[in-house]
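Secondary and tertiary structure notes
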Amino acid sequence: MSAATITLLFLLFAVVMFVFEKIPLGVTSMIVCIGLVVTGVLDIKTAFAGFIDSNVILFVAMFIVGGALFETGMANKIGGIVTHFAKSERSLIVAIMVIVGLMSGVLSNTGTAAVLIPVVIGIAAKSGYARSKLLMPLVFAAAMGGNLSLIGAPGNLIAQSALGEIGMSFGFFEYAIVGLPILAAGILFYATLGMKLLPNHPVSDDDSFGGEQDFSNVPKWKQVLSLVILVLTLLGMIFEKQIGIKLCITGCIGALALILTGVISEKDALKSIDLKTIFLFGGTLSLASALDKTGAGAEIANIVIGALGENPSPYVLTLVVFLLCCVMTNFMSNTATTALMVPICLSIAQGMGADPRAVLMACVIGGSCAYATPIGMPANTMVVSAGGYTFKDYAKAGLPLILIATVVSMVILPIAFPFFPQ
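The structure displayed is predicted, hence computed values, not measured ones. (Residues numbered from 1 in each chain as written. Predicted model: local features only at pLDDT ≥ 70, side-chain atom pairs only at ≥ 80, totals over all residues. Heavy atoms only, no water.)

**Here's the deal with the nonpolar core**
Looking at soluble globular proteins, one finds that nonpolar side chains tend to be buried together. Applied cut-off: Residues belong to one nonpolar core when they are buried, are Ala, Val, Leu, Ile, Met, Phe, Trp, Tyr or Cys, and are joined through side-chain atoms within 4.5 Å. Relative accessible area decides the class of each residue, using a 1.4 Å probe on protein chains only: under 20% of the type maximum gives buried, over 50% gives exposed, and in between gives partly exposed. The numbering of helices and of strands both runs from the N terminus, where a helix is a DSSP run of H or I of at least 4 residues and a strand a run of E of at least 2. The criterion used for residue contact is that any of the two residues' heavy atoms lie within 4.5 Å.
If you look at the biggest cluster of nonpolar residues, it comprises 144 residues, and the most contacted ones within it are Leu138, Phe140, Met341 and Tyr371. Top element by residues in this core is helix 4 (residues 54-71). It accounts for 11 residues. With residues up to four places along the chain from it excluded, the contact list for Met341 reads Ala301, Ile305, Leu324, Cys325, Met328 and Cys363.

Below, the structure written as structure tokens:
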């Protein structure tokens, strides 16, 4: 049996196990990770590389930064301020999605989510609304916001680089031509009909961020310093390129500063790290690596694109590319999906003499639609435990958003990026 076939079987196993959850999500991820090593598809170093992935390091650091915000009661204070202005659950969802979406346009999606997740959990605690109804809109808005600018997500730059090789380019805010209407439609959806699809889970008793606590004995300086370090961490992420320090390292500096200053103890810092998230994300990255390394992902893409024939309609091609990227990005990283699909799409568009920008835009936007699984993007994984989410929760709330993004894109793309410009 070929390595690609084994990888696809593990992918099928993971999907089935994630859907039915007969065993914990993190355990499923580890079975896949170990299985890929035992069957010889991946070596040990590649299989476990996910556990030292920069996103996992960022997770750990930001769990500590977020934990400090809770341990000091600062998250609840911020929550009280926000809930004072946002009087209803609907207005809270809209406010959170607008803020996160706009921030994500110029910041890392994962970084934006990591900084704001503890704040939103504090808002939920203060307002009395279920955090599970607020955290999912937050991570979805982070993904949609990535399509507002050239630097919003890594996939945007991959398409830009490919276009640059043929003397073309996207403008800095050109992605927003499609991305902004999708963000607006997504916010409108979750403020109306979509609210009913958001899961409503109570906070579990063992939750490290849960419940109302008495913070009256916490020194004022600890509360202030936890917020100051969070803001400085956020600024470090905003100016990542200027200061030359990666997001995950900025997060680690913030976490270490909190421990060294005594804002949070080492014991509480370790307690705030969610190992379920680490095992789920780190283990699943081995599957993404296998799909890439064995060519299984490329095989799927080539079969689907090849089924369109030699001279497919540009409209049909764009739709198929969009939907294929939507499916793939929910099981691979959006960066890997875009990197895989961009050269294929570019060559097909050039072969039919069409402007490749519409197809590449469909590829990038579709590659960001990782809403239907908890492993589709790092931010999704970060809130699994905090929101008490299941695989089905993501599918139920996320699939309609993929449909909305598809409709909006298919209407705007042919108008804004004509296939055969005059």
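**Quick look at the packing of helix 2 (residues 25-38) against helix 15 (residues 275-293)**
The condition is simple: Lines fitted to the C-alpha atoms define the axes, with helices restricted to the stretch that makes contact. Angles between their N-to-C directions range from 0 to 180 degrees. Less than a right angle of anticlockwise turn of the near helix away from the far helix marks a crossing as left-handed, whereas a clockwise turn marks it as right-handed.
Following both chains from N to C, one finds helix 2 and helix 15 inclined at 40°, their axes separated by 8 Å at the closest point. For the pair helix 2 and helix 15, the sense of crossing is left-handed. In contact with Leu25, Gly26, Ser29, Met30, Val32, Cys33 and Leu36 of helix 2, helix 15 contributes Phe279, Leu280, Gly283, Thr284, Ser286, Leu287 and Ala290.

**Remarks on the environment of Gly295**
Among the structural elements, Gly295 can be located in the loop between helix 15 and helix 16 (296-306). Put simply, Gly295 and Ala3 are 292 residues apart on the chain and 8.8 Å apart in space, counted from C-alpha to C-alpha.

**Looking at the packing of aromatic side chains**
To describe a pair of aromatic rings, one takes the distance between the centres and the angle between the planes. Under the convention used in this document: Pairing of aromatic rings covers Phe, Tyr and Trp, the last counted by its six-membered ring, and requires centre-to-centre distances within 6.5 Å; plane angles under 30 degrees mean stacked, over 60 mean edge-to-face, and any other angle means tilted.
Following the criterion strictly, the structure yields 10 aromatic pairs and no others. A centroid spacing of 5.3 Å and a plane angle of 65° characterise the contact between Phe140 and Tyr371, whose relative ring orientation is edge-to-face. Residue Phe140 is located in helix 8 (residues 132-145), and its partner Tyr371 is located in the loop between helix 19 (356-367) and helix 20 (378-382); the two are separated by 231 residues in the primary sequence. As far as the burial class goes, Phe140 and Tyr371 line up, both buried. For the pair Phe170 and Phe417, a centre-to-centre distance of 6.1 Å together with 85° between the ring planes defines the contact as edge-to-face. In this pair, Phe170 sits in the loop between helix 9 (154-164) and helix 10 (176-191) while Phe417 sits in the segment after helix 22 (391-416), placing the two residues 247 residues apart along the sequence. Each of the two residues, Phe170 as well as Phe417, counts as buried. Through a chain of ring-to-ring contacts, the aromatic side chains of Phe140, Phe189, Tyr190 and Tyr371 assemble into a single cluster.

**Details of a nonpolar patch on the surface**
Threshold: Exposure above 30% relative accessible area and no salt bridge define the residues that can form patches, which grow by joining like charges within 9 Å and nonpolar side chains of Val, Leu, Ile, Met, Phe, Trp and Tyr within 5 Å. Calculation of accessible area relied on Shrake-Rupley with a 1.4 Å probe; when residues are assessed, cover is drawn exclusively from the protein chains displayed. Any Lys or Arg side-chain nitrogen located within 4 Å of an Asp or Glu carboxyl oxygen qualifies as a salt bridge.
Together, Val224, Val228, Val231, Leu232, Leu235, Ile238, Phe239 and Ile243 line one region of the surface with nonpolar side chains, adding up to about 650 Å² of accessible area. A per-element tally of the nonpolar patch places helix 11 (residues 220-238) first, with six residues. Its location among the elements puts Leu235 in helix 11. Judged by relative accessible area, Leu235 falls into the partly exposed class, the value being 38%.

**Describing the confidence of the model for the chain**
To keep it simple, the criterion reads: Confidence of the predictor in every single residue is expressed as pLDDT, which spans 0 to 100.
The predicted model of the chain has a mean per-residue pLDDT of 86, with 97% of residues at 70 or higher. Ranking the helices and strands of the chain by mean pLDDT puts helix 10 first, with 96, and helix 5 (residues 74-85) last, with 76.

**Here's the deal with the pattern of salt bridges**
Here the structure, examined in full by the defined rule, presents four salt bridges. The salt bridge involving Glu174 is made with Arg357; its shortest N-O contact spans 3.1 Å. Taken together, the positions of Glu174 in the loop between helix 9 and helix 10 and Arg357 in helix 19 put the pair 183 residues apart, joining distant regions of the chain. Judged by relative accessible area, which is 18%, Glu174 ranks as buried. One salt bridge in this structure joins Arg357 and Asp355, with 4.0 Å as the shortest N-O distance. Both residues of the pair, Arg357 and Asp355, belong to the buried class. Residues joined by salt bridges that share partners form a network here, namely Glu174, Asp355 and Arg357.

**What about helix 18 (residues 334-351)?**
The criterion, for reference: What a helix is expected to span follows from its residue count: subtract one and scale by 1.5 Å. Values of bend correspond, residue by residue, to the angle between axes fitted over the seven residues ending at that residue and the seven starting there.
Between its first and last C-alpha, helix 18 extends 25 Å over 18 residues, near the 26 Å set by a 1.5 Å rise per residue. Approximately 30° is the largest bend angle found in helix 18, and it occurs at Met341, with the proline Pro343 only one to four residues beyond. When we look at burial in helix 18, the residues that qualify are Thr337, Thr338, Leu340, Met341, Val342, Ile344, Cys345, Leu346 and Ala349. Its buried side turned inward, helix 18 meets helix 9, helix 16, helix 17 (314-329) and helix 19. Downstream of helix 18 by one or two residues, Gly353 has phi in the positive range, about 75°.

**Some points on the layout of surface pockets**
We count it as follows: Only protein atoms enter the 1 Å grid used here, on which a cavity is any set of points holding a 1.4 Å probe that cannot leave and a pocket is any open set flanked by protein within 12 Å on both sides along at least five of seven lines; residues with an atom within 4 Å of a point are listed as lining. Grid points are joined across faces, edges and corners, and a volume is the space filled by probe spheres set on the points. Residues are grouped as follows: nonpolar covers Ala, Val, Leu, Ile, Met, Phe, Trp, Tyr, Cys and Pro; charged covers Asp, Glu, Lys and Arg; every other residue, Gly included, is treated as polar.
By volume, the largest pocket is sized at about 1000 Å³. Lining the largest pocket are 39 residues, with Asn55, Ser108, Thr110, Pro154 and Leu247 positioned closest to its centre. Looking at which element gives the most residues to the lining of the largest pocket, the answer is helix 15, with six residues. Among the residues making up the lining of the largest pocket, the classes are represented as 21 nonpolar, 13 polar and five charged.

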